[in-house]
Amino acid sequence: MVNTRPTRLGQSIRTALRFSLVPFSLLISQNVLAEDVAKKDSQAVETIVVTASALKVDTPAQETPKSVSVVTGQDLINRAPQKLDEALRYTSGVTSQPYGADNDTDWIKVRGFDAATYLDGSRLFKDGYYTWLLEPYGLEKVEVLKGPASILYGEAPPGGVVNAVQKKPTDTPQGEVGLQVGSNNLRSLSLDISDYANEDGSIRYRLVGLMKENDGELDGTENNRFYIAPSLAIDISDRTTLTLLTSYLEDKGVPTNPFFPAAGTLTASDYGSIDPSTNLGQPDYDKYERKQISAGYIIEHELNDVWALTQKFNYGYNELYLRSSYSFMNSDPSTDTLYQGLVFRDGKTESFTVDNNAIAKWESSRIANTVLFGLDLQHHKTDGVEADNYSFGSINPFNPVYGNYTAIDEAAAADREITKDQASLYAQYQIKFDQQWIATLGGRFDSVKTENVSQANAQNKSRTDSEFSLDAGVMYLSKVGLSPYVSYAQSFDVLSTIDGTTGELYKPLKGEQAEVGVKYEPSFYNGYINLALFDMTQKNALVTNPTTYVATQTGEVTSQGVEVETTGYLTDSLKLTASYTYTKAETDETSGQGTKQAALIPEHMASAWLDFDANKVGLDGWKFGSGIRYIGESKDNPKSSDLTIPSVTLVDMMASYDITKAWQAQLNVNNLFDKEYISGCDYWCYYGQSRSVVLSANYRW
């Protein structure tokens, strides 16, 4: 029997919660309160089973005619990522950090396109430099739903959905205090406590917190972070659970601006090479501050044996102050002077999302049915001032001397207000016939109103777009574990920027994907092997006439490819995670050169990570991990050059030791051999992350 007696800390928090929950308890109807509280003991399952809450229906990923990858909580512990994009380095179909190691933005592309980011299924909106950063320590897993997902989420890029799942109260009390030190002057202190807030455990809380400071990859850059995420789970009845989720993140520092010219990095220069740590901005002037607040709830209610209701609400607030200088691109090998520009942003974003859905499950002797209905409402607003200066200063990248710039008049910055409202109805039907055939069919109708207003620039533009999205798939579950499938999905992406040619808001980008694949769970292997072939197209992309320089929305971006991934145990002590990705991403936005390979996306990527539990071979307390990442050749933006970025192979390692039952130490080294490489070029070129070393000490109970 699980001990339900809270710790001393739990008793203190329980006392405080007893009073704070009184107003909420008045809202609960008497018939719900009359139901008995039921608590189910959790049981660990050794067999690998992957599910993804991003699907909105509790279905094993191996029985879904879609490509889904999950970075588990144990993966996050073993690899100790410092950013969300670092956590996806070993995920098939994902190009992680194509713009290098940026300390104020996560860079993630899926199947050649940008990916939308969500927190527990709620959209984290992005408007230009107003982006969200997620703290990996606060996450229990990261899900990647690949390909168009408008059926479930409405307007979004076609690449897919990255859904971060926040840590929530656990059924069993647990806790951890951690300390990290490492390269780039990394220092971090973390706390994660989950306990009961009352005697019977029907109310549980979790408190996750972190303080961290570290230098950036570039000279003179740094970041200081404070993060706290309290959550509360309440078993209102044996059929109803309410989870309250909040988080606060504050960053302060000097941003890394990893914009490097091709000359001196990718190609030869008369002055030699530019050191990867060179800051081509103005570190004494640049500044970066961000405050993020996320607050919401998830309420789940089993209406009866057939119907289950879920409502998710989230409020997001993001406040940004950014002064970020950068050098202009340059391919002239005979110059040692680069001119600089400046980005200034000072504002905030606010968003509200409410997703209501109902799921019905019933079955007969041969047929199992699942129906999903939903009503989704979203509101997003960006309100701030902006300035872009293209004659800010100059710098010598081979021998930088800082201070040669003219500060801008921040009071003269132009106002900008962008709002986006989305109302959506969606439905999906899934049938499972004779435990062998699975078919899904779904549709969604979205109405999106977008406004972009700037009084200083005499702009006041708005438009309303109505879109209907389809999603369908068929899968066959064979008795030998092979499950071939075929699927089709659509997406649309609403742009909030103004067309410089027409003076009106751009039309939405529209995407579609056809996918054929097979998922395999062999009887001799505790794991799975998945293969997917995809063909994706995005229409309404911008194409610029090279003669008139007029851009029109007549372009097309395509991406075809193959993904293979596996996760499973080779032996009782050896777990393998491996993937291979081939992506042919092409665009006709090439200044009249026809169709060319799109920037930043390697044609070939491969990775493998091995986890070895040495306890099972007599090395008590020891665990080891090692990974290898191959990033193939990619191309510069075809409008800029035809330069090829060389491939690179990187090695990562991990070792952990249980000093006692409670104390544990862990060492992580990424880019073990400190290879200097270009992660990608898109007009500018970007250095990949250098070797990073993180030493962790944790006390767990």
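Residues numbered from 1 in each chain as written. Predicted model: local features only at pLDDT ≥ 70, side-chain atom pairs only at ≥ 80, totals over all residues. Heavy atoms only, no water.

Under an unreviewed UniProt entry, the name given to the chain is TonB-dependent siderophore receptor, and the source organism is Vibrio ziniensis. The UniProt entry for the chain carries the following text under Subcellular location (unreviewed entry): "Cell outer membrane". Per UniProt, the comment on the chain under Sequence similarities (unreviewed entry) is "Belongs to the TonB-dependent receptor family." (UniProt positions renumbered as here; feature names shortened; annotations may be inferred.)

> Explain the overall build of the chain to me, please; I cannot follow it from the model alone.
Secondary structure summary: the chain contains six helices and 35 strands in total. Its C-alpha radius of gyration of 26 Å places the chain within 12% of the 27 Å reference for a compact globule of 701 residues. Here the chain holds 701 residues, and 54% of them are scored as buried. Relative to all contacts within the chain whose residues are 6 or more apart in sequence, the contacts with residues 24 or more apart total 67%. When the 60 positive and 90 negative side-chain charges of the chain are each reduced to one mean point, those points stand 4 Å apart. (Helix = DSSP H or I, 4+ residues; strand = E, 2+ residues; numbered from the N terminus. Rg over C-alpha atoms; globule rule 2.2 N^0.38 Å. Buried < 20%, exposed > 50% of the residue type's maximum accessible area, 1.4 Å probe, protein only. Contact = heavy atoms within 4.5 Å. Lys, Arg positive; Asp, Glu negative; His and termini not counted. Charge placed at Lys NZ, Arg CZ, Asp CG, Glu CD.)

> Explain a negative patch on the surface here, please?
A surface patch of like charges, here negative, comprises D219, D275, D674 and E676. Mapping D275 onto the fold places it in the loop between β13 (240-254) and β14 (287-302). D275 sits in the partly exposed class, given a relative accessible area of 44%. (Patch = residues over 30% accessible without salt bridge, like charges linked within 9 Å, V, L, I, M, F, W, Y side chains within 5 Å. Areas by Shrake-Rupley, 256 points an atom, 1.4 Å probe, with all protein chains shown as cover. Salt bridge = Lys/Arg side-chain N within 4 Å of Asp/Glu carboxyl O.)

> I would appreciate a short explanation of the sheet that holds strand β8 (residues 160-166) in the present structure.
Hydrogen bonds along the backbone pair up the strands of a sheet, which may run parallel or antiparallel. Sheet architecture is open: five strands sit in the order β1-β7-β8-β5-β6, paired in mixed fashion. Pairing within the sheet leaves two strands with one partner each, and these edge strands are β1 (68-71) and β6 (122-123). The pairing of strand β7 (residues 139-146) with β8 spans seven bridges and is classified as antiparallel. Within β8, the position partnered with L145 by the bridge is V161. (Pairing = 2+ DSSP bridges.)

> In this structure, what is going on with the pattern of salt bridges? I would like to understand it.
Think of it this way: side chains of opposite charge can pair up when their charged atoms draw near. Inspection of the entire model under this criterion finds 41 salt bridges. Two residues, K109 and D114, come together in a salt bridge whose shortest N-O distance is 2.7 Å. Here D446 and R444 are joined by a salt bridge, their closest N and O atoms 3.0 Å apart. Across the pair, R444 and D446 agree in class, each one buried. The network of salt bridges with shared partners includes R111, K146, E515 and E563.

> What is the right way to read the environment of H379 from this model?
Within the secondary structure, H379 sits in strand β17 (residues 367-395). For the pair H379 and F125, spaced 254 residues apart in the sequence, the C-alpha separation amounts to 9.7 Å. Discounting chain neighbours no more than four positions away, the residues touching H379 are F125, E350, S351, F352, K420 and D421. At 2.5 Å, the side chain of H379 and the side chain of D421 are in polar contact. (Polar contact = N/O pair within 3.5 Å; in protein donor to acceptor, adjacent residues only side chain to side chain.)

> Help me out: how do you make sense of the pairing of strand β24 (residues 551-569) in this one?
In the case of a regular strand, side chains alternate between the two sheet surfaces. Bridging between strand β23 (residues 526-544) and β24 involves 17 bridges; their strand directions are antiparallel. Paired with D535 across the bridge in β24 is Q560. Where β23 hands over to β24, the hairpin turn is made up of six residues, of which Y549 adopts a positive phi near 60°. As paired elements, β24 and strand β25 (residues 574-587) share 13 bridges and run antiparallel to each other. Paired with V562 across the strands is Y582, a residue of β25.

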